[in-house]
Amino acid sequence: MLSPVILFPAVLNGLMTGAVYALVALGLTLIYGVLHIINFAHGALLTAAMFAAFFAHKLLGLDPYVAAVLLTPLFFVLGYGLQRFVIGPAAHGEDRNILLVTLGLAVVIENALLYAFRADTRTINLPYAFNVVEIGPAFLAVPRVVAFVVVIFVALALWLILRLTDTGKAIRAVAKEKLGAELSGIDVAHIYAVTFGLGTACLAIAACLLISTYYVNPQAGNAFVLIAFTIVVLGGMGSVAGALIGGLFVGVVESLSGLWLGESLGQIGIFVMFILVLLFRPSGLFGERA
Amino acid sequence: MKGLAPILFAIVALAMVPLITSSNVVINFLVMALLIALVGQGWNLLGGYGGQYSFGHAAFFGTGAYVTAILQMRYGINAWVGFVIGIAAGALVGAVIGLLIFRAGLKGSYFALVTLAFAEVLRIVASVAPITGAGVGTLLKLDLRPEAFQFQSRALFYWIILAMVGLSLVLTRLIEGSRFGAYLVAVRENEDAASALGVDATMVKLCAMTISAAMTAAGGCFYAQYFLFLDAGIAYGPWISIEALLAPIIGGVGTVFGPLLGALVVKTLGEVTKLMTGDAPGLDLVIYGGVLILVVAFAPRGIAGLFADLRQRFGFSKIGGEGSRG
């Protein structure tokens with residue numbers, strides 16, 4: 001058995017990583033909860049956001065945290081436009097078509113990035129990237145602590161938007177009863193697009209939080225999205241709280257299994273967990289609805 | 001039997017090509033297109049007729065390819081025997097994955113997601129397991145004898161893959177006209193109604209997935225013999241899962257000729273892109289993705305659907321041979 005001196009930092013580090021996973025999963029679960037589709041373009045959009053954050057730093061000299069303020073609205077608009085003008089009209093309202101269209105988008109975005117930037121892996125160097133915060137026996141990198149705090153705030157903000165604003169209420173209405181919402185005068189196509197925009201905006205924030213400690217290449221987003229799928233399924237499809245708890249949980253599991261099994265098996269562990277959960281508890285571990 | 005004549009005609013016409021040209025470029029191009037047609041026909045059986053859209057047919061393609069290659073290289077088993085075992089192994093993987101998924105009642109988005117996850121698990125395992133050569137890949141020994149399923153002339157390879165495509169077309173046509181095919185389409189259109197009428201939906205989907213996996217695995221086995229090299233990214237990579245669904249969807253989902261038509265169009269597009277822009281990575285796939293979106297948006301029944309519309313418009317409407325998608 002490992003001593004608490006090793007275990008405690010591992011758990012804390014897991015929570016820090018898990019927070020970013022949770023943010024990616026939040027976008028996915030929000031879109032699923034309202035549109036009832038799995039957005040296969042989520043990973044490619046995350047990669048695109050990471051490239052945007054990278055070039056904002058490289059070309060404009062913007063700190064990732066400043067870039068987030070610009071990129072978040074930009075990606076909201078991008079997501080809104082994609083749903084409103086591409087996915088919505090192309091799918092003719094059929095689920096199978098939506099699957100194909102989001103897959104097509106993923107292929108286009110990922111390979112356009114590959115064509116434009118080649119397969120090279122890029123990183124940025126920030127002066128504060130290696131600063132650490134000391135909590136008991138644990139040393140945590142500053143960007144990761146910031147990421148954790150930001151994610152908690154974003155989740156809270158999202159929850160408040162859904163609870164308190166008119167748009168948030170409309171989103172929840174459409175998620176629960178689409179036809180009823182339409183009959184009471186809610187513009188469903190608009191709400192769909194807003195939801196998709198919010199989900200994409202989450203990715204812009206996640207990308208800016210990631211870029212300070214992570215690298216970017218045309219496939220960078222995919223690793224996170226498969227984890228996000230796992231989290232979304234774990235937390236119950238469409239549940240905001242589930243995504244947050246699920247994300248933190250997966251982060252800790254990954255950190256601990258990395259400690260015991262080594263890094264290379266960690267990736268398989270997540271997939272196996274994913275398949276097992278889907279096969280045996282498709283409604284999620286935290287038992288939302290079936 | 002009805003509908004077999006057009007298949008015979010198409011195959012005979014394609015079989016003439018090596019007699020007209022001996023250009024390796026043309027033959028290589030057609031071999032790749034036919035390979036995708038075969039793999040796509042496998043996808044089409046499950047996705048087009050059964051309505052289960054898989055995003056992970058690489059799982060079957062890669063299993064067929066690796067089993068053929070590993071049996072030859074590590075156990076010295078004859079290539080033709082390895083070929084048959086490879087197809088069987090692919091079918092087995094299809095049956096096992098299908099059993100797990102369909103018993104759990106997963107469909108729609110979930111089905112796509114889980115098939116994708118299975119393919120990715122296999123890819124990661126293959127990229128670290130010693131038996132597949134891990135990161136280095138598996139190289140098949142060059143042994144140009146017919147007994148070893150390797151030929152000096154590309155034309156022979158071409159005729160073999162053509163024969164396999166021909167078989168897959170006939171099999172699909174026979175299934176389309178059979179009771180099993182009717183059950184499959186019924187499950188696609190309305191699973192609850194089909195079950196209520198006594199169709200064992202799980203069993204029907206499971207059979208479709210097994211046959212589908214076998215066809216796609218056959219493509220993988222052929223790939224191993226033709227290119228003599230495999231690594232995890234080739235065998236289990238997302239590219240083959242995407243091309244497997246692209247061909248039938250562009251050609252006409254749920255039709256006999258859809259995958260063949262689609263594969264020819266997709267590969268032509270890919271070649272044209274390469275000619276126009278040089279060998280830049282990614283651009284051909286950008287075009288594939290764009291075409292996928294455009295076809296779903298504007299021609300949901302693919303090229304075969306467009307033909308059917310034209311024929312109807314000009315009054316040559318003839319029943320039979322056409323797809324069952326209305």
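Residues numbered from 1 in each chain as written. Chains lettered and ligands numbered in written order. Predicted model: local features only at pLDDT ≥ 70, side-chain atom pairs only at ≥ 80, totals over all residues. Heavy atoms only, no water.

Looking at this structure, I do not really get the overall build of chain B. What am I missing?
In terms of regular secondary structure, chain B is built from 15 helices and 2 strands. In terms of its C-alpha atoms, chain B occupies a principal-axis envelope of roughly 55 × 50 × 40 Å. In chain B, which comprises 326 residues, the proportion classed as buried is 56%. Considering only intrachain contacts with a sequence separation of at least 6, the fraction spanning at least 24 residues in chain B is 78%. Carbon and sulfur atoms make up 70% of the accessible area of chain B, which totals about 13,400 Å². Distance between charge centres in chain B, computed from 19 positive and 15 negative side chains, equals 5 Å. (Helix = DSSP H or I, 4+ residues; strand = E, 2+ residues; numbered from the N terminus. Buried < 20%, exposed > 50% of the residue type's maximum accessible area, 1.4 Å probe, protein only. Contact = heavy atoms within 4.5 Å. Areas by Shrake-Rupley, 256 points an atom, 1.4 Å probe, with all protein chains shown as cover. Lys, Arg positive; Asp, Glu negative; His and termini not counted. Charge placed at Lys NZ, Arg CZ, Asp CG, Glu CD.)

Would you mind going over the overall build of chain A with me for this structure?
Helix and strand counts for chain A come out as 11 helices and 2 strands. Listed N to C, the secondary structure of chain A is α-α-α-α-β-β-α-α-α-α-α-α-α in terms of helices and strands. For 290 residues, the compact-globule formula gives about 19 Å, and the C-alpha radius of gyration of chain A, at 19 Å, lands near that figure. Projecting the C-alpha coordinates of chain A onto the three principal axes gives extents of approximately 60 × 45 × 35 Å. Out of the 290 residues in chain A, the part that is buried amounts to 55%. Considering only contacts in chain A between residues 6 or more positions apart, those separated by 24 or more positions represent 79%. About 12,300 Å² of surface is accessible on chain A, with carbon and sulfur atoms providing 68% of the total. Where the 13 positive side-chain charges of chain A centre and where its 13 negative ones centre are 3 Å apart. (Rg over C-alpha atoms; globule rule 2.2 N^0.38 Å.)

What exactly am I supposed to notice about a nonpolar patch on the surface here?
Residue and element names in this part refer to chain B. A surface patch of nonpolar side chains, about 710 Å² in accessible area, is lined by Leu 8, Val 12, Met 16, Leu 19, Ile 20, Leu 156 and Trp 159. Residue assignment for the nonpolar patch shows that the elements contributing at least two residues are α1 (4-15), α2 (17-20) and α7 (154-177). With respect to the element layout, Leu 19 can be found in helix α2. On the accessibility criterion, Leu 19 (62% relative accessible area) is exposed. (Patch = residues over 30% accessible without salt bridge, like charges linked within 9 Å, V, L, I, M, F, W, Y side chains within 5 Å. Salt bridge = Lys/Arg side-chain N within 4 Å of Asp/Glu carboxyl O.)

It is not clear to me how the nonpolar core should be interpreted in this structure. Could you clarify?
Proteins that are soluble and globular tend to have nonpolar side chains buried together. The biggest cluster of nonpolar side chains holds 204 residues, and the ones touching the most others in it are Leu 23 and Phe 229 of chain A together with Tyr 158, Phe 222 and Ile 249 of chain B. Apart from residues lying up to four places away in sequence, Leu 23 of chain A is in contact with Val 151, Val 154, Cys 202, Ile 205, Ala 206 and Leu 209 of chain A. (Core = buried A, V, L, I, M, F, W, Y, C linked by side-chain atoms within 4.5 Å.)

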